[in-house]
Amino acid sequence: MAAAAGPAVRCSLWQRRSLRCGPGPRPVPGGGAPLRLCSTQAVPQAGINKPVIDRIIRVDHAGEFGANRIYAGQMAVLGRSSVGPVIQQMWNQEKDHLKKFNELMVAYRVRPTVLLPFWNVAGFVLGAGSALLGKKGAMACTVAVEESISEHYNNQIRTLIEEDPEKYKELLQVIKQFRDEEQEHHDIGLEHDAEATPAYSVLKTAIQLGCKAAIFLSERI
Amino acid sequence: MATRWPGATPYSPIPAAKNLPGGGTGQERERKVVSKGNQQYPPLRALQASAVLRRASDEHKKEPLASSSQQHFDSPPAGHQPEQKPQGPHPSYTGQGGQESEDYESEEQLQHRILTAALEFVPEHGWTAEAIAEGAKTLGLSVAAAGMFRSDGSELILHFVSECNSKLSELLQKEQKLVQLGEAEKKPIDEFLRDAVEARLRMLIPYIEKWPQALSILLLPRNIPSSLNLLTSMIDDIWHYAGDQSTDFNWYTRRAVLTGIYNTTELVMMQDSSPGFEDTWRFLGNRVADAMAMSSTASQVQSTGEAVVQGLMGAAVTIKNLAGLNQRR
């Protein structure tokens, strides 16, 4: 009797915020009160599907962080070339995205992925490496990454809509807007002759595989 | 340890279950115990457990248990009311809100109450099934209720830790409200951390004699996931209220540092015999100061590192220029 009670008791009595619905075994803090330092509002934690939102914000934050580093790498090599301004403009938009996810991360009290230092380096190396293949190489990298990210954002939008479009309205809006901007970057990349890169399909497949792996890991770790 | 009643043993189906008063309502109640709550909990045992407990409460009401079922009809409702009246304000933790009536207590709520009641017997009996049994007795239940829990007292300890963490959360939330209303000064981070850890550790003082035993039980492999969960959520709470808004690797560094401070201070507290634990609080203050110094050192190292990198980049550009490599593409 006690043995059967064990797992049941353990699961319910002191599982922390990962419980699905409203009142948990302990009072959840941050009930709507504004945070002290910056302008982010703490989101009331009751009633949201914490595990799903955690994953979404964590992986999106990691993604935008990685995208930032990729553009930084590309700028380091191609900053003074003719595509410099184009890359700079896309980079600025990614910086805005990252800032927004930083705010969301604090508001929803989500932990960042442990792999951030790794994405820091890997992103820069990818950006610089693709830029060393030339302007077309850099654009090909942009196309591959932005296509991955757009698809990924679409998946998240579907997930959130399945959950509860009303409850997650703000988050849905943010993700939709960012997906549209990433799609723009993808189109800009295509305009700048990304497809004319030598070994374009190989490069694209390899980069997209890497992105899928990054997304998988960042969601969990 | 199970008491025997006429016509029933704890491990055989209770024959009179269907004759409980209110006929259908009684049955529905039995079924509700079975269906609600954790799906993993075998329904038959839940049925027996609750029936066992209810029978025990009958016993304590000193109703002579005649073999005629007539008296069975009368006692359970009387036995139920005092048990269930305080249940009104308790939220159900099972998440099956729509199906239960408000005055019905879930399995978890019952366990919660038993464990809370058992805490006052811990200084005497330790974190054991005896303490749980004593706690159950004060609630008017049979000592067999302790059979619902594991024999090493893990649930009792985890319950206690969870309750302490909740209390700490509430305390920190209250302080935060005062600061927002302008009625209190915002504390500097080292003072905030020190006060939060001290407040949390002070909750151990009534149980300090038996706490080493509890710590060792929490380190059992079976309990490690739960106890780690509770520890990390507490540390995260403290940092959240301290105003931590880091979204990079600092998030992990800070929590790791605070966990280290908390654990070492807890251990120091175990063998502290100074009056009012002043040695412990002094130790805590020193560790927090160390952590602050470490973080400022870290940022100094980082800025030095950055300066060095800048220097190297400058040197590289100079060499490129000298070698004539720095041409426009």
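Model, not experiment: these values are computed from the prediction.

(A) Representation of the overall build of chain B within the structure. In terms of regular secondary structure, chain B is built from 12 helices and 0 strands. In sequence order, chain B lays out its α and β elements as α-α-α-α-α-α-α-α-α-α-α-α. Within chain B, the proportion of its 329 residues that are buried is 44%. For chain B, long-range pairs separated by at least 24 residues make up 67% of all intrachain contacts whose partners lie at least 6 apart in sequence.

(B) Focus on the UniProt feature "binding site: Fe cation 2" (unreviewed entry) in chain A. All names here are of chain A. Residues given the UniProt feature "binding site: Fe cation 2" (unreviewed entry) here are Glu94, Glu146, Glu182 and His185. In terms of the greatest pairwise C-alpha distance, the residues named above, spread along 92 residues, form a tight cluster of at most 11.1 Å across. Looking at the element boundaries, glutamate 94 is found in helix H3 (residues 84-107). Taking the relative accessible area as the measure of exposure, glutamate 94 reaches 0% and is therefore buried. Leaving out residues up to four positions away in the same chain, glutamate 94 has contacts with Glu64, Ala67, Asn68, Tyr71, Glu146, Glu182 and His185. Tracing the backbone shows glutamate 182 in helix H6 (residues 169-191). Look at glutamate 182 and you get buried, because its relative accessible area is 0%. What glutamate 182 contacts, discounting residues up to four positions off in sequence, is Glu64, Glu94, His97, Glu146, Ile149, Ser150 and Tyr153.

(C) Local environment of the nonpolar core. Residues and elements named next belong to chain B. In terms of nonpolar packing, the biggest core is built from 58 residues, with Ile114, Trp127, Leu156, Trp211 and Ile238 touching the most fellow members. Elements with a contribution of two residues or more to this core: helix H4 (107-118), helix H6 (129-138), helix H7 (154-180), helix H8 (189-202), helix H9 (211-218), helix H10 (224-242), helix H11 (250-270) and helix H12 (278-322). Discounting chain neighbours no more than four positions away, the residues touching isoleucine 238 are Leu168, Leu172, Phe192, Leu193, Ala196, Val197 and Leu258.

(D) Highlighting the pattern of salt bridges. Summed over all chains, the structure comprises 18 salt bridges over all chains. Among the salt bridges present, the one from Asp54(A) reaches Lys50(A), with a minimum N-O distance of 2.9 Å. With Asp54(A) and Lys50(A) both in helix H2 (residues 50-78) and 4 residues apart, this pair spans about one turn of that helix. Taken individually, Asp54(A) and Lys50(A) each receive the classification buried, so the pair is uniform in this respect. When the shortest N-O distance is used, the salt bridge between Arg109(A) and Asp236(B) registers 3.3 Å. A residue pair is termed interchain when its members come from two chains, as with Arg109(A) in the loop between H3 and helix H4 (116-132) and Asp236(B) in helix H10. By relative accessible area, which is 6% here, Asp236(B) ends up buried. Sharing partners across several salt bridges, the network here consists of Arg109(A), Asp236(B), Asp237(B), Asp244(B), Arg254(B) and Arg255(B).

The rules we used
Residues numbered from 1 in each chain as written. Chains lettered and ligands numbered in written order. Predicted model: local features only at pLDDT ≥ 70, side-chain atom pairs only at ≥ 80, totals over all residues. Heavy atoms only, no water. Helix = DSSP H or I, 4+ residues; strand = E, 2+ residues; numbered from the N terminus. Buried < 20%, exposed > 50% of the residue type's maximum accessible area, 1.4 Å probe, protein only. Contact = heavy atoms within 4.5 Å. UniProt positions renumbered as here; feature names shortened; annotations may be inferred. Core = buried A, V, L, I, M, F, W, Y, C linked by side-chain atoms within 4.5 Å. Salt bridge = Lys/Arg side-chain N within 4 Å of Asp/Glu carboxyl O.

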